[in-house]
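# Structure assessment
One-letter residues, chain by chain:
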Amino acid sequence: MNYVFFGIVSAHPLHHRNLAGQDYSKIFFEIPTVKDTDLYLLCKVKKLRVILWKTFILGNWLRISFKVGDKVSRGFWLNTSLTFGLSDLKIDRRRSSPTHLAFLDNNGQSLVIPPESFEQLLDLNLNNSPEILYVGESKDMKKRALKHEKISPAIAGLQDDEELRLHFLKIKYEYNFSNGNILNCVSLNMHKHLYIPGYDFEMVERLKVQVAERFLINYYRPLLNKTHKGDNISKNKIIVDFQKKLNIQRVLMGTEMHGTSFQFWSPYQRLKSKDFVFNFGENPGYQTLDLPSWIGNHLSNFK
């Protein structure tokens, strides 16, 4: 059985207020986990009462801990130059509030850094899963994000206790194909030099991001997306071309990540599962996916 696996590796968050800061946005889109992304999500989250508990800055090093509700995070040192692409970062206590953290860079630019940026580092449980409002893709992420036409209606639809986040997705693309009793797994992120039967690298490279975007839209059915939400996704021309070129029978999608602030969801999603599989064939459709078990069972067929 041939199949393609799309898995979210990282989802770098950006508070929408930072889009107004040209200096910061210029730096932000050079961060390695953001620079090469092709897909993004507009999400709404609850405003959190995050209290700066203890902070200490030494050069480019920041030691910080938070209090979220009645839980105090452990203190953690991080290099602000490596983590945020910033040097000489200072706490902006005048602009910080219980719902967000503000910093000043060496140019005096005020930056709002979402608390979920620290969730994994500081072992927090923010219990604030983002609701997906829009899924999109772009080859020029900075230009797209700074002038995105969906941001205004997304903000207009927020309640007083909600705010907007942009999440820039790093996706792992894998092509799994069988050759007799041998299962081959090839990353579609690289390996241009490899020969794969029937593999047209340029075509697959062009289509893979669009296919991932269409399945994310079709599965979550976000409020602000207008296309690719119907029940005939298997007949979409891009997906048909992709399926035929790689001769795949299934598409697997893994979206579950560490931390409650990265458990994406939508009230309109087709299944409750965060990971899912789409089966092509006479009766195409979605199934829930226990990813570790499925891969284990599938690999057992090739022992």
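Conventions we followed
- Per chain, residues are indexed from 1 in the order of the written sequence.
- For this predicted model, a pLDDT threshold of at least 70 governs which residues receive local features, and a threshold of 80 or more governs which side-chain atom pairs are given and counted, while totals over whole chains, interfaces and linings are taken from all residues.
- Excluded from the side-chain calculations are hydrogens and water; all other atoms, namely the structure's heavy atoms, are used.
- Helix and strand assignments follow DSSP, with helices taken as H or I runs no shorter than four residues and strands as E runs no shorter than two, numbered in order from the N terminus.
- Contact criterion: two residues are considered in contact whenever any of their non-hydrogen atoms come within 4.5 Å of each other.
- All accessible-area figures derive from a Shrake-Rupley calculation using a 1.4 Å probe, and residue coverage is judged against the displayed protein chains alone.
- The pairing criterion is simple: DSSP has to find at least two bridges between the two strands.
- Nonpolar side chains (Val, Leu, Ile, Met, Phe, Trp, Tyr) within 5 Å and like charges within 9 Å form the patches, drawn only from residues with over 30% relative accessible area and no salt bridge.
- Salt bridges are identified by distance alone: a Lys or Arg side-chain nitrogen within 4 Å of an Asp or Glu carboxyl oxygen.
- For each residue, the accessible area found with a 1.4 Å probe, counting protein chains only, is set against the maximum for its type, and the residue is called buried under 20%, exposed over 50%, and partly exposed in between.
- For our purposes a nonpolar core is just a set of buried Ala, Val, Leu, Ile, Met, Phe, Trp, Tyr and Cys residues, chained together by side-chain atoms within 4.5 Å.
- pLDDT is a per-residue confidence score from the predictor, ranging from 0 to 100.
- Aromatic rings from Phe, Tyr and Trp, taking only the six-membered ring of Trp, are treated as a pair when their centres fall within 6.5 Å; an angle between ring planes under 30 degrees marks them as stacked, one over 60 as edge-to-face, and anything in between as tilted.
- Definition of a polar contact: a pair of N or O atoms within 3.5 Å, with one able to donate and the other able to accept a hydrogen when the atoms are protein atoms, and with sequence-neighbouring residues admitted only if both atoms are side-chain atoms.

Helix and strand counts for the protein come out as eight helices and 15 strands. Within the protein, contacts between residues at least 6 apart in sequence are counted, and of these 67% link residues at least 24 apart. For the protein, the computed accessible surface area is about 15000 Å², with 49% contributed by carbon and sulfur atoms.

Strand order in the open sheet made by the three strands is β7-β8-β9, with antiparallel pairing throughout. Of all strands in the sheet, those bounded by a partner on one side alone are β7 (90–91) and β9 (110–113). Where strand β8 (residues 101–104) and β9 come together, four bridges link them in antiparallel fashion. Within β9, the position partnered with Phe103 by the bridge is Leu111.

On the surface, Phe56, Leu58, Trp61 and Trp77 cluster together into a nonpolar patch covering about 430 Å² of accessible area. By relative accessible area, which is 45% here, Phe56 ends up partly exposed.

Turning our eyes to something else, we now look at the pairing of strand β1 (residues 3–15). Most of β1 sits inside the fold, with 12 of its 13 residues counted as buried. In terms of strand pairing, β1 meets strand β13 (residues 250–254) through five bridges, oriented parallel. When the bridges of β13 are listed, Gly7 appears paired with Gly254.

Turning our attention to the nonpolar core. Grouped together as the largest cluster of nonpolar side chains are 41 residues, with contacts concentrated most on Phe6, Leu39, Leu169, Phe215, Phe242, Ile248 and Phe264. When residues of this core are traced back to their parent elements, those giving at least two are β1, β2 (39–46), β10 (131–137), β11 (162–179), α6 (201–220), α7 (237–246), β13 and β14 (275–279). Sort the elements by how many residues they give to this core and α6 lands first, with 11 residues. Dropping the residues within four chain positions of it, Phe264 is found in contact with Ala11, Leu41, Cys43, Pro130, Ile132, His167, Tyr220 and Met257. Core analysis: the second largest hydrophobic core is formed by 19 residues, Tyr134, Ala154, Leu158 and Leu166 among them.

Within α7, burial applies to Ile238, Ile239, Val240, Phe242 and Leu246. Phi turns positive one or two residues past the end of α7, at Asn247, with a value near 55°.

It is worth spelling out unusual backbone geometry at this point. Positive phi values are uncommon outside glycine, yet His228 reaches one of about 65°. Structurally, His228 can be placed in the loop between α6 and α7. Judged by relative accessible area, which is 24%, His228 ranks as partly exposed. For Asn247, which is not glycine, the phi torsion reads 55° and is therefore positive. Tracing the backbone through its elements, the reader meets Asn247 in the loop between α7 and β13. Residue classification places Asn247 among the partly exposed positions, given a relative accessible area of 48%.

Turning next to the confidence of the model for the protein. Should pLDDT be low for a region, the predicted coordinates there are not to be read in detail. Here the protein averages 79 in pLDDT, and 81% of its residues register 70 or above. At the low end of the mean pLDDT range in the protein sits helix α8 (residues 291–300), at 57; at the high end sits β10, at 95. Contacts of residues 191–195 to residues separated by more than four positions or lying in other chains number three contacts, the stretch itself having pLDDT below 50.

So, about the packing of aromatic side chains. Counted under the stated rule, the structure contains 10 aromatic pairs. Taken together, a centroid distance of 3.9 Å and an interplanar angle of 15° make the contact between Tyr219 and Phe276 stacked. Placement of Tyr219 in helix α6 and of Phe276 in strand β14 is noted, with a sequence separation of 57 residues between them. Across the pair, exposure class does not vary: Tyr219 and Phe276 are buried alike. Seen from their ring centres, Phe276 and Tyr286 are 5.5 Å apart, and the 70° between their planes marks the pair as edge-to-face. Here Phe276, found in strand β14, pairs with Tyr286, found in strand β15 (residues 285–288); they are 10 residues apart in sequence, far enough to count as distant.

Let's shift gears to the pairing of β2. A large share of β2 lies buried, amounting to seven of its eight residues. Bridging between β2 and β10 involves six bridges; their strand directions are antiparallel. By the bridge assignment for β10, Leu39 is matched with Glu137.

In this section: the side chain of Glu162. Checked against the element boundaries, Glu162 lands in strand β11. A distance of 2.9 Å separates a polar side-chain atom of Glu162 from the backbone nitrogen of Gln159. Sequence-distant contacts of Glu162, that is, excluding residues within four places in its chain, are made with Lys44, Val45, Lys46, Lys47 and Gly157.

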